[in-house]
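Spelled out from the first residue to the last, the chains are:
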Amino acid sequence: MPNERLRAAMAAGGWTYTALADEVEVDLKSVERWVNSGRTPRRATAMLAAETLGEDVHALWPALRQARPARAVGPELVALYDQRADIPVSTFVDMLSQAREHIDVLVYAAVFLHEAYPRLNDLLRERAADGCAVRIAIGDPDSTNVQQRGNEERFGHGIESRCRLALMHYRPLAEVAGIEVRTHATTLYNSIYRADDQAIVNAHVWGVNAYGAPVWHLRRNGKGGMFDTYASSFDAVWETATPVREG
């Protein structure tokens, strides 16, 4: 299908196929395909072409609004996501299901896991029964840092209620052999979801809800790398946390 918006933008500015191709340093046939076949160029090329034409890149190529897939890079950084909302819950569930030795969760609430996967507690019980050590650290709703995060993310008292909801979800696991549940009052710089040598780390950005903040998926690759940095951070918070009792 022809890209009539692109055709009109070029006509309005007096741009020929050849002139635009020369300006953005692509083949003439590429520009012809953009216009006549509706082909979408690579993002960087599209942005340069849109800037040249004085148009919004998404107006010319709406397909570029679609979420980009995770970018695989480096020995430890498996994937990078623009925001947590881009990750299907199955990614978390699959990672936790594969754990054989360690599951560590450090969050304030993260009730999205229970909401999207009601069998989460059953999964954690199964892992513990198979010898996996499970540690869950959730935010103390009465702590100053949790309340401050609510103000920063514009949740207000909402985050405190979500911490209480998380506690309600996890409390039945408090007396299960192999599972420990604690509350913490620390400043949460990142939410951490660890399963053996993999970890999903959700950054926290001032004024942005966690679901809208970036996420990186790590796989441990030797000692002293990024994975160990976050694993050590979890251990440090765990030492300050207060055990939760069932009932």
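Residues numbered from 1 in each chain as written. Predicted model: local features only at pLDDT ≥ 70, side-chain atom pairs only at ≥ 80, totals over all residues. Heavy atoms only, no water.

## As for the overall build of the chain
Worth spelling out the cut-off: Comment: elements are numbered from the N terminus, with helices defined as DSSP H or I runs of at least four residues and strands as E runs of at least two. Throughout, radius of gyration means the C-alpha value; the globule benchmark is 2.2 Å times the number of residues raised to the power 0.38. We call a residue buried when its accessible area falls under 20% of the maximum for its residue type, exposed when it is over 50%, and partly exposed in between, using a 1.4 Å probe and counting protein chains only.
Looking only at helices and strands, one finds 11 helices and 8 strands in the chain. Its C-alpha radius of gyration of 24 Å places the chain more than 25% over the 18 Å reference for a compact globule of 247 residues. Each principal axis of the C-alpha distribution contributes one length, and for the chain these read about 75 × 40 × 35 Å. Split into buried and exposed, the 247 residues of the chain put 45% on the buried side.

## Here's the deal with the nonpolar core
As a reminder of what qualifies: Throughout this description, the term nonpolar core refers to a set of buried Ala, Val, Leu, Ile, Met, Phe, Trp, Tyr and Cys residues connected via side-chain atoms within 4.5 Å. By definition, residues are in contact when any of their heavy atoms lie within 4.5 Å.
Grouped together as the largest cluster of nonpolar side chains are 57 residues, with contacts concentrated most on Ile103, Leu124, Ile136, Tyr170 and Tyr193. If one sorts the elements of this core by residue count, helix 11 (residues 226–240) sits on top with 6 residues. Beyond its immediate sequence surroundings of up to four residues, Tyr170 is in contact with His114, Leu120, Asn121, Leu124, Ile136, Ile138 and Val181. If you look at the next biggest cluster of nonpolar residues, it comprises 17 residues, including Leu6, Ala9, Val24 and Trp34.

## Some words on the sheet that holds strand 5 (residues 190–195)
The test is simple: Here, a strand pair is defined by DSSP locating no fewer than two bridges between the strands. Whenever a helix is involved, its axis is fitted only over the stretch in contact; in every case the axis is a line through C-alpha atoms, and angles between N-to-C directions fall within 0 to 180 degrees.
Strand order across the open sheet formed by 8 strands is 1-7-6-5-2-3-4-8, with mixed pairing between neighbours. Edge positions in the sheet fall to strand 1 (77–81) and strand 8 (242–243), since each has one partner strand and no second. Direction of pairing for strand 5 relative to strand 6 (residues 198–203): antiparallel, over a ladder of 6 bridges. Opposite Ile192, over in strand 6, you have Val201 as the bridge partner. Sheet strands touched by helix 6 (residues 89–97): strand 2 (102–106), strand 5, strand 6 and strand 7 (215–219). Its angle to strand 5, the strand with the most contacts, is close to 45°. Across the sheet, helix 11 lies against strand 2, strand 3 (133–139), strand 4 (179–184), strand 5, strand 6, strand 7 and strand 8, angled at about 105° from strand 5, the strand it touches most.

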